Structures are given as structure tokens and as C-alpha cells.
Amino acid sequence: MTSDLSGVSMFTLDAPRREWFVGCTDARLRPGVCAVEANDGEITIVGPGEAPFTFSHREIAELQTALAAAITQAAQDLADS
């Protein structure tokens, strides 16, 4: 994303990707879409119909560690079933 002279942000073809959409399930087990966004050194995650929550600085590393451990455990659970 670049900024023009008026201060309005514009997306360019060579801008890095900053938003991902991931299928997920809400609290009532209904399928939905979660958004993951990276901006200004922070990561924001929004679930279907939920308020966003943001990770910054050290929290990002903790999220990465926790997510990696959860992925490993989920794979083990599937292998055990």
C-alpha cells in the first residue's frame, strides 16, 4: 500500500499481502469466515460477528508459539482417533 499526496492510502499491485480470510466455525458451530490482518507491526483477528482482537510486539511471538503447539496437538488428536 502506498500513500498519495492527499494522504489517502492506495493499494498497488506490488504491495505485500496484508489480509487473509480463513474458514472457521462460530460458537454455535455455524460455518463462517475469519479475517487475519497485518498492519503497522500488529496482527488483528476478527471472527464471524465478533469484535476484533489485536496482537502486538511480544504477543505476536506468543501467538505464534501457542498456535504451533495447538496445531501439533490437533494433528496428534486426529492421529489418535
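One can find the structure itself at the top, above this paragraph.
Summary of the structure given here. In this convention, every chain numbers its residues from 1, walking through the sequence in written order. The model is predicted, so local features are restricted to residues of pLDDT at least 70 and side-chain atom pairs to those at 80 or more, both for listing and for counting; the totals for chains, interfaces and linings are taken over all residues. Processing note: side-chain calculations cover all non-hydrogen atoms of the structure and skip hydrogens and water entirely.

**Let's talk about the packing of aromatic side chains**
Side-chain rings of Phe, Tyr and Trp (the six-membered ring for Trp) are treated as a pair once their centres are within 6.5 Å; stacked means planes under 30 degrees apart, edge-to-face means over 60, and tilted covers the remaining angles. According to the stated counting rule, one finds 1 aromatic pair in the structure shown. Arranged with centres 5.7 Å apart and planes meeting at 80°, the rings of Phe 53 and Phe 55 form a pair that is edge-to-face. Buried residues are those whose accessible area, probed at 1.4 Å on protein chains only, stays under 20% of the maximum for their type, while exposed residues exceed 50% and partly exposed ones sit between those limits. On the basis of relative accessibility, which here comes to 41%, the residue Phe 53 falls in the partly exposed class.

**As for the sheet that holds strand β3 (residues 19–25)**
Two strands qualify as a pair provided that DSSP identifies no fewer than 2 bridges between them. A run of H or I in DSSP becomes a helix once it reaches four residues, and a run of E becomes a strand once it reaches two; helices and strands are each numbered from the N terminus. The 4 strands are arranged β3-β4-β5-β6 in an open sheet whose pairing can be described as antiparallel. In the strand order of this sheet, the two ends are held by β3 and β6 (53–56), each with one partner. Going from strand to strand, the sheet's axes swing by 20° on average, the running direction of each strand aside. Bridging between β3 and strand β4 (residues 31–39) involves 7 bridges; their strand directions are antiparallel. Residue pairing in the sheet places Gly 23 in a bridge with Val 33 of β4. Docked against the sheet, helix α1 (residues 58–80) engages β5 (42–46) and β6, running at close to 105° with respect to β6. Axis geometry follows a simple rule: fit a line to the C-alpha atoms, using only the stretch in contact for helices, then measure angles between N-to-C directions, giving values from 0 to 180 degrees. Here, two residues are considered to be in contact whenever any of their heavy atoms come within 4.5 Å of each other.

**Quick look at the pairing of β6**
With 4 bridges joining them, β5 and β6 adopt antiparallel strand pairing. Within β6, the position partnered with Ile 43 by the bridge is Phe 55. Taking the residues that link successive antiparallel strands as the turn, the β5-β6 hairpin has 6 residues, and the phi of Gly 49 there is positive, at about 70°.

**Brief notes about the environment of Pro 48**
You can see Pro 48 is positioned in the loop between β5 and β6. Judged by relative accessible area, Pro 48 falls into the partly exposed class, the value being 26%. Put simply, Pro 48 and Thr 25 are 23 residues apart on the chain and 8.1 Å apart in space, counted from C-alpha to C-alpha. Sequence-distant contacts of Pro 48, that is, excluding residues within four places in its chain, are made with Cys 24, Asp 26, Gly 32, Val 33 and Cys 34.

**Some thoughts on unusual backbone geometry**
For Asp 40, which is not glycine, the phi torsion reads 50° and is therefore positive. Relative to the elements of secondary structure, Asp 40 occurs in the loop between β4 and β5. Phi is positive for His 57, which is not a glycine, with a value near 45°. As for its placement among the helices and strands, His 57 is situated in the loop between β6 and α1. According to the relative accessible area criterion, His 57 is exposed, its value standing at 69%.

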